[in-house]
Amino acid sequence: MFSPEILQSLPQKLEGISQGLYLMIPELLLCVWILVGIFAELFLHGKTTKFSTSWRYFITQIGLLLAFVLAIQRMYMGMSGYASFSLFWINAGSNSINALLLFLAIILILVNQAQQKSFQFEEKMGFLSVLAGALLVSISSHWLSIFLSIEWMSLGTYLLVGIRKDAEGSRAILPYILFGLASTALLLYGISFVYGITGTMHINSPEFSRGLSTSDPYIVGLALTLVASSLLFKLAWVPFHPWSPDVIESLPASWMTWISTAPKIAVTFLGIRLLHFIPLSLEVPIAFLAILTLLVGNLGALGQRNSKRLLAYSGIAHGGFMAMAWLFPIQQATEVLLFYSLIYGLSTLLVFYLIDEAPSSPYQSSDLQKWSGLAKSRPLASLFLLIGMVALAGLPPAGSFIAKVTYFSFLWEKYQNSSQILTLVLLVTAILTTALGIFYYLKIPYQLYFKKNTQDDQVIIWNEKGNMWVYAVLVVFILSSFLAPTAIWNFLK
């Protein structure tokens, strides 16, 4: 049945598979916990919705907390190395990124439970699949593991987007899945070209860099373009952004937040890793596409009168801003990405939840009027929403102001070293679009504080006798990142 050669080589192959797996215990634990969650559903079948939801939250939180504690331990012990035939590469940067992803996941689940949101089995599987895929993307160093991790993450997003089974939900999910399948095909074609050029699937192999530097530049350009097209789709960069507004608009706050943050953080860090081993100057195409993304995202948001679509377009702009780290040296890029992602994730969580509490129908052309005059009857929630919008705009007293200034300083340093005019244009565009963002981010606060309600029956939004403390905790995090940035920066590093 098996040849003697296969049987003799089996111990060696098993040893190669198990090599270094102790370095990725947090990721393996989460993968095992997904199976635990599936098994637990056997005992929740037929139970009441309240009972099932409570146990799903409990089981998910236990797994996330265990994985987070192990990730923090790995980060502070400085564990690094290769695992499983060098499919995965664990180092200081990936340790910090994965600890951040787990932290954001814990915060999201706690906020979701505190706000008494339902937690269906499909939502749990989609949420954990996105998280597991994102964690594996950030430690992948082989094209096979990169592809499988990205697809696992994508399957989770398809599941979350497809939860709505009505006509409006179908309108959002169908184009997204079609675009996603196309991006998968492009990634596979790109990987096949890269393998044909370099003869290796390991991104940190000397043959990888040597093959890209010595092969025909047009073939190399085609291969990298195919790979980049798939990655930029996950980041909603122009011209791969049209799916984002419809998808974000049709989702509840929790999954709006999760799809807008976790994949972007993981793919941005993957890009930082890839660019470190690509011996070609990609500064011009990155800067050009970043300029387009910033302009489309901010100008698109400026013309929106629907709250969720406004946030969707701003998410496109934030994805463009976040991935400008690709232009920086690897250590600077990782550090600034960590700080920016933390503040962006918390601010997005705060704003999306507050916005989502207002009753509205998806694809409504204008809903800004419903916020009119609410600051008088809901002063605390209005203040929290104002702080969240200020944080997304990148203004003090939010830590995002420091994060954006750091991006600007690194871009200026990059321009001084390279004298590349397009880098200077990108810096100017980033500053101007940040200023432009003030106008659309303050649309809702303007309605809250300066407009009077003209409707006879004002919409009831925000129960300030309920769980406002949850939003208060998020606000404290956001303000603390401005008041004590050094402490947070050192912790992330």
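Thresholds, definitions, all that
Throughout this description, residue numbers start from 1 for each chain and increase along the sequence as written. Since the coordinates come from a predicted model, pLDDT governs what is reported: local features require at least 70, and pairs of side-chain atoms require 80 or more to be given and counted, while whole-chain, interface and lining totals use all residues. Just so you know, side-chain values use all the structure's heavy atoms and leave hydrogens and water out. Only the six-membered ring of Trp is used, alongside the rings of Phe and Tyr, when aromatic pairs are assigned; centres must lie within 6.5 Å, and planes under 30 degrees apart are stacked while those over 60 apart are edge-to-face, with the rest tilted. The criterion is that NZ of a Lys, or CZ of an Arg, lies within 6 Å of the ring centre and within 35 degrees of the ring normal, and then a charge sits over that ring. Only buried residues count toward a nonpolar core, which is a set of Ala, Val, Leu, Ile, Met, Phe, Trp, Tyr and Cys residues joined through side-chain atoms within 4.5 Å. Note on classification: 1.4 Å probe, protein chains only; a residue is buried when its accessible area is under 20% of the maximum for its type, exposed when over 50%, partly exposed between these limits. Put simply, DSSP marks the helices as runs of H or I at least four residues long and the strands as runs of E at least two long, and each gets a number from the N terminus on. In what follows, a contact means two residues having at least one pair of non-hydrogen atoms within 4.5 Å. Only the contacting stretch of a helix is used when fitting its axis, a line to C-alpha atoms as for every element, and angles between N-to-C directions run 0 to 180 degrees. For this classification, under 35 degrees means roughly parallel, over 145 means roughly antiparallel, 65 to 115 means roughly perpendicular, and everything else is oblique. Two helices cross in a left-handed way if the nearer one is turned anticlockwise from the farther one by less than a right angle. They cross in a right-handed way if the turn is clockwise. Ten residues, namely Ala, Val, Leu, Ile, Met, Phe, Trp, Tyr, Cys and Pro, are considered nonpolar, four, namely Asp, Glu, Lys and Arg, are considered charged, and the remaining ones, Gly among them, are considered polar. The span expected for a helix works out to 1.5 Å for each residue beyond the first.

1. Observations regarding the packing of aromatic side chains
Part 1: Under the definition given, this model contains 29 aromatic pairs.
Part 2: The rings of F321, F328, Y340, Y344, Y407, F408 and F410 are connected pair by pair, giving a single aromatic cluster.
Part 3: Directly above the ring of F321 sits K404, whose terminal nitrogen or CZ lies 4.8 Å from the centroid.

2. Some thoughts on the nonpolar core
Part 1: Ranked by size, the top nonpolar core spans 154 residues in total, and within it L64, W143 and W258 carry the most contacts.
Part 2: Ranked by residues supplied to this core, first place goes to helix α14 (residues 330-356) with 17 residues.
Part 3: Residues within four places of W143 in sequence aside, it is in contact with I191, V194, T200, M201, I203, F208, V227 and L274.
Part 4: Grouped together as the second largest cluster of nonpolar side chains are eight residues, A83, L87, I90 and I139 included.

3. Topic: the packing of helix α12 (residues 283-302) against helix α13 (residues 307-322)
Each pair of packed helices can be described by the angle between their axes along with the distance between the axes.
Part 1: Remark: α12 packs on α13, axes separated minimally by 8 Å, with the N-to-C direction vectors making an angle of 160°. Taken together, the axes of α12 and α13 lie roughly antiparallel to each other. When you trace α12 past α13, the crossing you get is left-handed. Residues T293, L294, V296, G297, N298, G300 and A301 of α12 touch α13, and the partners they reach there are L310, Y313, S314, I316, A317, G320 and F321.
Part 2: Here the residues of the contact of α12 with α13 sort into eight nonpolar, six polar and no charged.

4. Notes on the environment of I150
Part 1: Its location among the elements puts I150 in helix α6 (residues 143-161).
Part 2: Taking the C-alpha atoms as reference points, I150 and V130, 20 residues apart in sequence, are found 9.0 Å from one another.
Part 3: The residues touching I150, leaving out its near neighbours within four places in the chain, are V137, L187, L231, K234 and L270.

5. Details of α14
Part 1: An ideal rise of 1.5 Å per residue puts 39 Å on 27 residues; α14 measures up with 37 Å between its terminal C-alpha atoms.
Part 2: Buried residues dominate α14, accounting for 24 of its 27 residues.

6. Observations regarding unusual backbone geometry
Part 1: Cis geometry is adopted by the peptide bond preceding P239, which originates at V238 and carries an omega value of 5°.
Part 2: With respect to the secondary-structure elements, P239 resides in the loop between α9 (217-235) and α10 (243-249).
Part 3: The linkage connecting P396 with the following residue, P397, adopts the cis geometry, with an omega of 10°.
Part 4: Phi at F85 is positive, roughly 55°, even though this residue is not glycine.
Part 5: Here F85 lies in the loop between β1 (81-83) and β2 (88-90).
Part 6: If you check the backbone angles, S419 has positive phi at about 60° while not being a glycine.
Part 7: Residue S419 is classed as exposed on the basis of its relative accessible area, which comes to 55%.

Interpretation in functional terms is not warranted from these geometric data alone.
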